[in-house]
Amino acid sequence: MVSAFATLFLAGWNGGSTGALLPFIERNYNINYARVSILFVSTFLGYVVAAGGTGTLSRRVGFGHAMLISVLVELAGNIINSSQQKNFGLMCFAYFVIGIAFATQLGLCNAYFATLNKPLMWTGILHGIYGLGAFASPLVATAMVSRGVPYHFFYTTNVAMNIPVFALAWLAFRNLQALPQLPNERLPAEDVPNSSGVLRATLRNRAVWTLAIFLMLYVGAEESIGGWIVSYILEVRKGSPEGASWVASCFYLGIALGRIFLPPLNMLMGERTAVPVYLLFAIALECVAWFVPVLASTAVCTALVGVAISTFYTAAITAGGKLVPRALHADAFALMSSVGQSGSAFWPLVIGVMSTRKGIWVVEPTVVALLGAQGVCWLLVPKAGRRIE
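Owing to the predicted nature of the structure, the values given are computational and were not obtained by experimental measurement.

### A word on the packing of helix α6 (residues 119-145) against helix α14 (residues 312-323)
- Two elements in contact, α6 and α14, have axes separated by 9 Å at closest approach and are oriented at 140°. Considering the angle they form, α6 stands oblique to α14. You can see that α6 and α14 cross each other, and the crossing is right-handed. Touching P119, L120, T123, G124 and H127 of α6 are Y313, T314, A315, I317 and T318, all from α14.

Quick look at the structure:
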């Protein structure tokens, strides 16, 4: 678990810095919101590759070796980003590579944690640690670039973290060939004769697709806030770069704290009830942040939105663990994670394009719409017997 925690912390560190660095990337390459959003498209393409390949890779080389390969691929992308600031196309390629690595790691970690006792608690801690990484990195990135350090030097911190993360993954996962299966969760042989049979069974599973779309909407809302809130604070609320980075960091801190401390309340209410309740709070807070033109109000509401939506990812993963046969977990969680993470590329891209035409103010209403769509999608998730945790 320590290896998985370190892996997700680095993923959060990597992803959380993008929003803080966007204004400096735009300035460095002299590009607008729409063009800088190609970074999100590149990441999305990486998620697509991971969605189709993670399950097959883990069966061919083993679960642990697939994890090790993903960490090495991530290291390659970070080396590219840390070594240059002249070629925007090369930076986009690095984001594509990192997208493949992150989606693969996320799918494998989610599948592994879904097999543990008390999966809601442990998955909440796992994704809370992701949030801690995303909380810290905007502060470090802003501190560096605001003091005249070229933005690409920030990625050297990612490279430095990648090395111990690989060492931990090697110690923890190198001998793990496949996830354990319970006897009552094995599929009949005729249903999953080979790798293609597992993939077909996964693609036919209604729960997988419903949860994948829910995650796409959730991650889209989360990354739209985290990716564009700095620009929103600078342009709409006329804040300072340091203040804007603190707003982004506090949003991710809210996510981290919520994922660590809210799961007991979720188990008390039940996941199906908890998600709609939190959504109502999140929509109300986003509307306050949108309509009240005060920087402090926007900052506080944004942080509290992070708390309110923090457990949605873990709720979806826990629901998937109950609804999807364990024999399908590697493919199912890879597909759910990759489709879900595609929202972190698609929706920020949509906001970037709309912002170029209409202005960055479109962030808030877009997030409100995404939150509402999540509520509709959650109601369509099949019901499962409640597991005592």
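### Observations concerning empty space enclosed by the protein
- Under the criterion given, the structure shown has 3 cavities of 30 Å³ or more.
- When its volume is computed, the largest cavity comes out at roughly 320 Å³.
- Lining the largest cavity are 23 residues; nearest its centre among them are G15, T18, T43, Y47 and Y95.
- Within the residue set of the lining of the largest cavity, elements represented by two or more residues are α1 (2-29), α3 (38-61), α4 (63-83), α5 (88-114), α9 (206-235) and α15 (329-358).
- In terms of residues, the lining of the largest cavity owes the most to one element, α1, which gives 5 residues.

### Concerning the packing of aromatic side chains
- As enumerated under the stated definition, the model contains 20 aromatic pairs in all.
- Look at Y29 and Y151: their rings are 6.5 Å apart centre to centre, the planes differ by 65°, and that puts the pair in the edge-to-face class. Of this pair, Y29 sits in helix α1 while Y151 sits in the loop between α6 and α7 (155-173), and the two are 122 residues apart along the sequence.
- Residue classification places Y29 among the buried residues on the basis of a relative accessible area of 13%.

About the cut-offs
- Residues numbered from 1 in each chain as written.
- Predicted model: local features only at pLDDT ≥ 70, side-chain atom pairs only at ≥ 80, totals over all residues.
- Heavy atoms only, no water.
- Axes fitted to C-alpha atoms, helices over the stretch in contact; angles between N-to-C directions.
- Helix = DSSP H or I, 4+ residues; strand = E, 2+ residues; numbered from the N terminus.
- Parallel < 35°, antiparallel > 145°, perpendicular 65-115°, else oblique.
- Left-handed = near helix turned anticlockwise from the far one by under 90°.
- Contact = heavy atoms within 4.5 Å.
- 1 Å grid on protein atoms, 1.4 Å probe; cavity = no way out; pocket = protein on both sides within 12 Å on 5 of 7 lines; lining within 4 Å.
- Points joined across faces, edges and corners; volume = space filled by probe spheres on them.
- Phe/Tyr/Trp six-rings, centres within 6.5 Å; stacked < 30°, edge-to-face > 60°.
- Buried < 20%, exposed > 50% of the residue type's maximum accessible area, 1.4 Å probe, protein only.

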